[in-house]
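# Summary of the model geometry
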Amino acid sequence: TVTTNKLAWAVKQFNSNVTVIPNALPFGEGQFTDDKIPSDKFRIGFVGGASHLWDLLSIKNLFIKLARSPLRHKIEMVLCGYDGRNEETKKLWDKVERIVNADGKLSYTRRSSRPLESYMSHYEDLDLTLAPLENNYFNSFKSPLKIVESGCKNIPIITSLNPPRWFEDMNHIMKADSISEWCYHIERCVEDFDLARKYGIQVGDL
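This section reports on the structure supplied with the text. (Residues numbered from 1 in each chain as written. Predicted model: local features only at pLDDT ≥ 70, side-chain atom pairs only at ≥ 80, totals over all residues. Heavy atoms only, no water.)

### Things to note about the packing of aromatic side chains
Describing an aromatic ring pair means giving the distance of the ring centres and the angle of the ring planes. Our working definition: Classification of ring pairs rests on two measures: the distance between centres of Phe, Tyr or Trp rings, Trp counted by its six-membered ring, which must be within 6.5 Å, and the angle between planes, read as stacked under 30 degrees, edge-to-face over 60 and tilted in between. Secondary structure follows DSSP: runs of H or I at least 4 residues long count as helices, runs of E at least 2 residues long count as strands, and numbering of each begins at the N terminus. Here's how the labels work: a residue is buried when its accessible area is under 20% of the maximum for its type, exposed when over 50%, partly exposed in between, all with a 1.4 Å probe on protein chains only. Charge over a ring is defined by NZ of Lys or CZ of Arg lying within 6 Å of the ring centre and within 35 degrees of the ring normal.
One pass over the full model with this rule turns up 3 aromatic pairs. Taking 5.9 Å as the distance between ring centres and 85° as the angle between the ring planes, the aromatic pair formed by F42 and F193 counts as edge-to-face. Within this pair, whereas F42 is found in strand 1 (residues 42-47), its partner F193 is found in helix 7 (residues 193-204), the two being separated by 151 residues in sequence. With a relative accessible area of 6%, F42 lands in the buried category. Look at Y137 and F141: their rings are 4.9 Å apart centre to centre, the planes differ by 80°, and that puts the pair in the edge-to-face class. Taking the ring centre of F141 as reference, the NZ or CZ of K6 above it sits at 5.2 Å. Between R110 and the ring centre of Y82, over which it is positioned, the NZ or CZ distance is 3.8 Å.

### Examining the sheet that holds strand 5 (residues 157-160)
Defined as follows: Two strands make a pair as long as DSSP finds a minimum of two bridges between them. Only C-alpha atoms enter the line fits that serve as axes; for helices the fit covers just the stretch in contact. Angles between N-to-C directions range over 0 to 180 degrees. By the convention used here, residues are in contact when the closest approach between their heavy atoms is within 4.5 Å.
Pairing is parallel across the open sheet formed by 6 strands, whose spatial order is 3-2-1-4-5-6. The open sheet terminates on both sides in strands that have one partner only, identified here as strand 3 (108-112) and strand 6 (174-176). Between one strand and the next, the sheet's axes are offset by a mean angle of 25°, whatever the strand orientation. In terms of strand pairing, strand 1 meets strand 4 (residues 128-131) through 2 bridges, oriented parallel. Looking across to strand 4, one finds that I44 is bridged to L128. Contacts between helix 6 (residues 179-191) and the sheet are confined to strand 1, strand 2 (75-82), strand 4, strand 5 and strand 6, with strand 6 contributing the most and set at about 150° to the helix.

### Some words on the environment of M174
Secondary-structure assignment places M174 in strand 6. Of the residues examined, M174 reaches a relative accessible area of 4% and is grouped as buried. A C-alpha to C-alpha distance of 9.1 Å links M174 and L161, two positions 13 residues apart in sequence. What M174 contacts, discounting residues up to four positions off in sequence, is L128, P156, I157, I158, T159, H185, C189 and Y199.

### Here's the deal with the packing of helix 6 against helix 7
Defined as follows: Under this scheme an angle from 65 to 115 degrees is roughly perpendicular, one under 35 degrees roughly parallel, and one over 145 degrees roughly antiparallel; angles in between are oblique.
Viewed as axis vectors pointing N to C, helix 6 and helix 7 meet at an angle of 110°, and their least axial separation amounts to 5 Å. Taken together, the axes of helix 6 and helix 7 lie roughly perpendicular to each other. Side by side, helix 6 and helix 7 meet where R188, C189 and E191 of the first sit next to F193, L195, A196 and Y199 of the second.

### Section: the side chain of H122
Stated precisely, the cut-off is as follows: Pairs of N or O atoms are called polar contacts if they sit within 3.5 Å, as long as, within protein, a hydrogen donor faces a hydrogen acceptor (for residues adjacent in sequence, only side-chain-to-side-chain pairs).
Summarising the element assignment, H122 is placed in the loop between strand 3 and strand 4. Of note is the side chain of H122, whose polar atom sits 3.4 Å from the backbone oxygen of S112. Those residues in contact with H122 that sit more than four places away from it in its chain are V47, C80, G81, R111, S112, S113 and R114.

### Looking at the layout of surface pockets
We apply this condition: Two kinds of site are reported from a 1 Å grid over the protein atoms alone, namely cavities, where a 1.4 Å probe fits but cannot get out, and pockets, open sets with protein on both sides within 12 Å along at least five of seven lines, and residues are called lining when an atom falls within 4 Å of a point. Grid points are joined across faces, edges and corners, and a volume is the space filled by probe spheres set on the points. Residues are sorted three ways: Asp, Glu, Lys and Arg are charged, Ala, Val, Leu, Ile, Met, Phe, Trp, Tyr, Cys and Pro are nonpolar, and all the rest, Gly among them, are polar.
Empty space within the second largest pocket amounts to approximately 180 Å³. Contributing to the lining of the second largest pocket are D34, K36, R43, D127, K153, N154, I155, P156, F193, A196, R197 and I201. For the lining of the second largest pocket, the element with the highest residue contribution is helix 7, accounting for 4 residues. Split by residue class, the lining of the second largest pocket holds 5 nonpolar, 1 polar and 6 charged.

Below you can see the structure in the form of structure tokens.
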């Protein structure tokens, strides 16, 4: 079983017995409700593992630019999934952390990894999700899981405008192909929270 048609095409070169089962979540049940924790700041979050280091490096200059923005005092960066249980993973996560908080220049919160049964609670502390992807062959087979997770909590999301292109018809997904475009989308959401909330609800309806 695979999650996308493109991945099915790749797997069929080795095994013709392939079934596509798209990612899905049971909206409204258990941890998959749209519960939110209020905050005075606009919380911009990344939820994922340290394996996304190279994806985050592809937008490293975004965080540096945000640290110089007049809006920086309204923003709080939130890194969800930190895992420093051993020296190897801690080194990776520390690199991720320095990217997300612009070497300590941005207001920042670290949230440790949570078990599968409660991982969606990370999204309760977010007002916007970032989903960068480095433009490479492996990432071209990714599924829209991060969009589904954000939609479950009615949170707007910004994604990279490189393959995979399953979101081409998703008009309410903010897409960025440059640091300026990432910054533009973020600034619009920070300056107009009602707009951000509207986009979040639309992501939840996709």
